[in-house]
Amino acid sequence: MKKHWVMDYETLANCFTGVFEHYKTQETEIFVVHDLRNDLPEFIKFLENNIKNKEWHISYNGLAFDAQVTHYILENHTKWDADLKGSEIACAIYNYAQICIQKSNNKEFADYAPWKMKIGQIDIFKMHHWDNPAKRSSLKWIQYSMDWENILDMPIHHETKITTQEEIDIILEYCINDVKSTKEIYNRSKSQIGLRKELTKTYGINLFSASEPRISKEIFGYFLTQKLNIQKRDLKTMRTYRDVIKISDIILPYVKFTSADFNLLLARFKSLEVSADNLKGSFKYNVNYKDVKTHFGTGGVHGAAKKGIYESTEDMVIMSSDVTSYYPNLAIKNKWSPGHFPKEAFCDQYEWFFEERKKIPKSNPMNYVYKIILNSTFGLSNDEKSFFYDPELFCRITINGQLSLMMLYEQIMERIPGAVALLQNTDGVETLIPREYEEEYMQICKEWEDATSLNLEHDKYQKLILADVNNYIGVNNFIEVDITKWREVKQSQPHYLFKVEKDKFSFAPVKLKGRFDFHDLQLHKNKSKLVIPKAIYNYFVNDKLPEEYLDENKNILDYCIGGKSKGDWKQVARKIKEGLLNQTDLQKINRYFISKDGVKIIKVNKKDSREIQLEAGRWLQTVYNKMEVEPKWESYNINKGYYLQAIESEINAILSVSSNQLKLF
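Remember, it's a predicted structure, so these values are computed and weren't measured experimentally.

Definitions and limits used
- Residues numbered from 1 in each chain as written.
- Predicted model: local features only at pLDDT ≥ 70, side-chain atom pairs only at ≥ 80, totals over all residues.
- Heavy atoms only, no water.
- Helix = DSSP H or I, 4+ residues; strand = E, 2+ residues; numbered from the N terminus.
- Rg over C-alpha atoms; globule rule 2.2 N^0.38 Å.
- Buried < 20%, exposed > 50% of the residue type's maximum accessible area, 1.4 Å probe, protein only.
- Contact = heavy atoms within 4.5 Å.
- Areas by Shrake-Rupley, 256 points an atom, 1.4 Å probe, with all protein chains shown as cover.
- Lys, Arg positive; Asp, Glu negative; His and termini not counted.
- Charge placed at Lys NZ, Arg CZ, Asp CG, Glu CD.
- Pairing = 2+ DSSP bridges.
- Axes fitted to C-alpha atoms, helices over the stretch in contact; angles between N-to-C directions.
- Expected span 1.5 Å × (residues − 1).
- Disulfide = S-S within 2.5 Å.
- Patch = residues over 30% accessible without salt bridge, like charges linked within 9 Å, V, L, I, M, F, W, Y side chains within 5 Å.
- Salt bridge = Lys/Arg side-chain N within 4 Å of Asp/Glu carboxyl O.
- Phe/Tyr/Trp six-rings, centres within 6.5 Å; stacked < 30°, edge-to-face > 60°.
- Parallel < 35°, antiparallel > 145°, perpendicular 65-115°, else oblique.
- Left-handed = near helix turned anticlockwise from the far one by under 90°.
- Nonpolar A, V, L, I, M, F, W, Y, C, P; charged D, E, K, R; others polar.

S.K.: Sorry if this is basic, but what is going on with the overall build of the protein chain here?
M.R.: Counting its regular elements, the protein chain contains 20 helices and 27 strands. Here the protein chain has a C-alpha radius of gyration of 29 Å; the compact-globule value for 665 residues is 26 Å, and the two agree. Considering only C-alpha atoms, the protein chain reaches an extent of 90 × 75 × 60 Å along its principal axes. Burial statistics for the protein chain: of 665 residues in total, 52% are counted as buried. Residue pairs at least 24 apart in sequence account for 66% of intrachain contacts in the protein chain once pairs closer than 6 positions are excluded. Accessible surface for the protein chain amounts to roughly 32300 Å². Of this, 47% is attributable to carbon and sulfur atoms. In the protein chain, 92 side chains carry a positive charge and 91 a negative one; their mean positions are 1 Å apart.

S.K.: Help me out: how do you make sense of the sheet that holds strand β4 (residues 57–59) in this one?
M.R.: By definition, the strands of a sheet pair up through backbone hydrogen bonds, in either a parallel or an antiparallel sense. Spatial strand order, β3-β2-β1-β4-β5: five strands in an open sheet with mixed pairing. Two strands in the sheet have a free side with no partner beyond their single neighbour: β3 (28–33) and β5 (121–123). Between one strand axis and the next, the sheet turns by 25° as a mean value, whatever way the strands run. Relative to β3, strand β2 (residues 15–22) runs antiparallel, the two being bridged by six bridges. By the bridge assignment, Phe20 is partnered in β3 with Glu29. In this fold helix α2 (residues 66–76) packs onto β1 (5–12), β2, β4 and β5, with an angle of close to 80° to the strand it touches most, β1.

S.K.: I tried to follow helix α3 (residues 86–105) on my own but got confused; where do I start?
M.R.: What sets the pattern is the α-helix's 3.6 residues per turn: residues three or four places apart point alike. Compared with an ideal rise of 1.5 Å per residue, which puts 20 residues at 28 Å, α3 spans 28 Å between its outermost C-alpha atoms and is within 8% of the ideal. The complete set of buried residues in α3 reads Gly86, Ser87, Ile89, Ala90, Ile93, Tyr94, Tyr96, Ala97 and Cys100. One or two residues past the end of α3 sits Lys107, with phi positive at roughly 60°.

S.K.: What exactly am I supposed to notice about the state of the cysteines here?
M.R.: Each disulfide consists of a covalent bond between the sulfur atoms of two cysteine residues. On inspection of all chains with the given rule, the structure shows zero disulfides. Between Cys175, a cysteine without a disulfide, and Cys15, which holds the nearest cysteine sulfur, the sulfur-to-sulfur distance is 10 Å. Its sulfur unpaired, Cys347 is 17 Å from the next cysteine sulfur, which belongs to Cys395.

S.K.: It is not clear to me how a positive patch on the surface should be interpreted in this structure. Could you clarify?
M.R.: A surface patch of positive charge is lined by Lys24, Lys190, Lys197 and Lys201. Residue position: Lys197 is located in helix α7 (residues 190–203). Owing to a relative accessible area of 51%, Lys197 belongs among the exposed residues under this scheme.

S.K.: Just checking my understanding: could you explain the packing of aromatic side chains for this structure?
M.R.: Within a pair of aromatic rings, the relevant descriptors are the distance that separates the centres and the angle that separates the planes. One pass over the full model with this rule turns up 55 aromatic pairs. A centroid spacing of 5.6 Å and a plane angle of 55° characterise the contact between Tyr241 and Tyr389, whose relative ring orientation is tilted. Of the two residues, Tyr241 is situated in the loop between α9 (232–235) and β6 (244–246) and Tyr389 in the loop between α13 (365–380) and α14 (391–415); the sequence distance between them amounts to 148 residues. Measuring from centroid to centroid gives 5.7 Å for Phe593 and Tyr624, while their planes differ by 70°, and the two rings are edge-to-face. Placement of Phe593 in strand β24 (residues 589–595) and of Tyr624 in the loop between β27 (620–623) and α19 (640–655) is noted, with a sequence separation of 31 residues between them.

S.K.: Can you walk me through the pairing of strand β12 (residues 316–323) in this structure?
M.R.: Regular strands have side chains that alternate between both faces of the sheet. Counting buried residues along β12, six of its eight residues qualify, which places the element largely inside the surrounding structure. Here seven bridges tie β12 to strand β14 (residues 428–434), and the two strands are oriented antiparallel to one another. Of the residues in β14, the one forming a bridge with Met319 is Thr431. Note that β12 and strand β15 (residues 456–468) share six bridges and pair antiparallel. Residue pairing for β15: Ser321 is matched across the bridge by His458.

S.K.: Mind showing me how you'd approach the sheet that holds strand β23 (residues 580–585) here?
M.R.: Spatially, four strands are ordered β23-β22-β25-β26 in an open sheet, and the strand pairing comes out antiparallel. Two strands bound the open sheet, and with one partner strand each, they are β23 and β26 (611–613). Going from strand to strand, the sheet's axes swing by 35° on average, the running direction of each strand aside.

S.K.: What am I meant to see in the packing of helix α17 (residues 531–542) against α19 here?
M.R.: One way to put it is that α17 packs onto α19 with a least axis distance of 9 Å and a crossing angle of 45°. Here α19 runs oblique to α17, going by the angle between their axes. The interaxial crossing formed by α17 with α19 has right-handed handedness. Judged by residue contacts, Val531, Ile532, Ala535, Ile536, Tyr539 and Phe540 of α17 engage Tyr643, Ala646, Ile647, Glu650, Ile651, Ile654 and Leu655 from α19. Among the residues forming the contact of α17 with α19, the class breakdown is 12 nonpolar, no polar and one charged.

S.K.: Looking at this model, I keep getting lost on the pattern of salt bridges. Mind explaining?
M.R.: A pair can form between side chains of opposite charge whenever their charged atoms are brought close. Evaluated as defined, the whole model comprises 32 salt bridges. A salt bridge links Lys460 to Glu438; its shortest N-O distance comes to 2.8 Å. Highlighted residues: Lys460 in strand β15 and Glu438 in helix α15 (residues 438–452), separated in sequence by 22 residues. Given the relative accessible area of 26%, Lys460 is considered partly exposed. Between Arg574 and Glu611 there is a salt bridge, with the nearest N and O atoms lying 2.4 Å from each other. On the criterion of sequence distance, the pair formed by Arg574 in strand β22 (residues 569–577) and Glu611 in strand β26 is long-range, its members being 37 residues apart. Residue Glu611 is classed as partly exposed on the basis of its relative accessible area, which comes to 43%.

Right, dumping it as structure tokens:
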């Protein structure tokens, strides 16, 4: 069995530590380089065995830091004088580590590219794209998100001169905690890693640490180099730069409206010229049509009816129609490509990915790969670092996408008496219509498909609980399933609605969006106070009162909140005891819950002493960084009033009734 290693380094001014744990077993190797303990010879031998046996290192942000330090040590250890003290060697490593950090912060190339490395690397941080500004997450934040047992910040500053074994033990405890939590992320990512292993083998490109956009670029690029008969290095230099994009030149000829509101919108778009090198936020329009305000911008369209509960009845039905793979198919059907690629070569290949995906079951990982390629390619057309870059292509897709969808929306509203617009969002619309007009609705959709050469997928909702366009709960119609499979379905989808009637079993999929989504959350997202969306879901879907749900939910982690501070801000815990104010410095990231007694967690600016309470008002908090399970639920001393107030406030905003009326449910 290969001995691949999950690993982490700590580099301090006069002390270096490295911890390695076998990726499948508990086998652990620990190395310290310091005056009190110098394991450098054993460490070098360990690394050389890694190379000899083709053992890989698995890390969090290792490509930019740990792997750089590894290869620096491998290249330089023979140059270090045999009489050097452990602290002097650790100092040399520390100085190089600071250079690595500086280069990474400055977005400069690291000294050792992956292809130069003697030890293979899997960087969990890069693979999940947590280096992207929109998803950027430290290991500590991921520890919080995955309910890690101990969220532990490095308790000793890296400039500290280590003098005692006790300090080394503290560093090692921290380092071991990081390794074990990285291993947990690795275990949760096995399917992703297995997929990248297969892609690496198939295409001969090292994709072990590749993010989804990079997978898209690499595989699409692989096929394009063959189609265009060019070298990969030449492909990577290709871009189309533009100064100004005249929108009237790129609007599709079939885009037409009948209402004055949308014809005015079309005229505004046609008069628009945007700077190609600064598309973000370059235009914002809105249309107040049929009492619903719909917003248009660089990325997409969105609009929603007033918040409330909308239900299908004997006379009315909520119709949902989404465009199949909308943005990719706009490019495919209209033969759009980045200006530097021949249209035929690009569009044929793009369409090939789409058609191949249709042939492959969703359970097959390649279905997911082709989905990544289809979706990422559109986004990369507005990424100057990508060889797909052509801002005009980006505008063609987003603007025609918005206008084309509005053609469908307008026709539904104009031709169906009594139609109520509920949602319009990027690639689909939800509308409440009289059941007697379902046939007319489908005819409108068919006409739209014929005009655009695109396809729509349809569904019906039993109920739509709407806060706004980005936050809602949609309960679909019931689907009948073989009675023998009901346990399997219920176990895999615990938040769906289920019905068992004699020999029949059916379930209704539930769509959770925005702050109501508590299921399968991505680790970079904020999962704080999950008890709130769970209670809201149970109220609207299962008819369960919030107070009743809170009495049932005894998972302390559902009550927890993540607090983070960056830059010049720090967090402190304050408590008044016996008339005296006690203050304790906290970590940069803390897990806590609202309790009846405890502390006030406050962000303090280290430069100007400004203060921000994490929870304003009378609410107190209990810090829960190290998970300790209480034998009795009451021992947590949860302040149920805080959570109940937040739940009822959200529900009442949708119902537009008082708290007293809510409790009469």
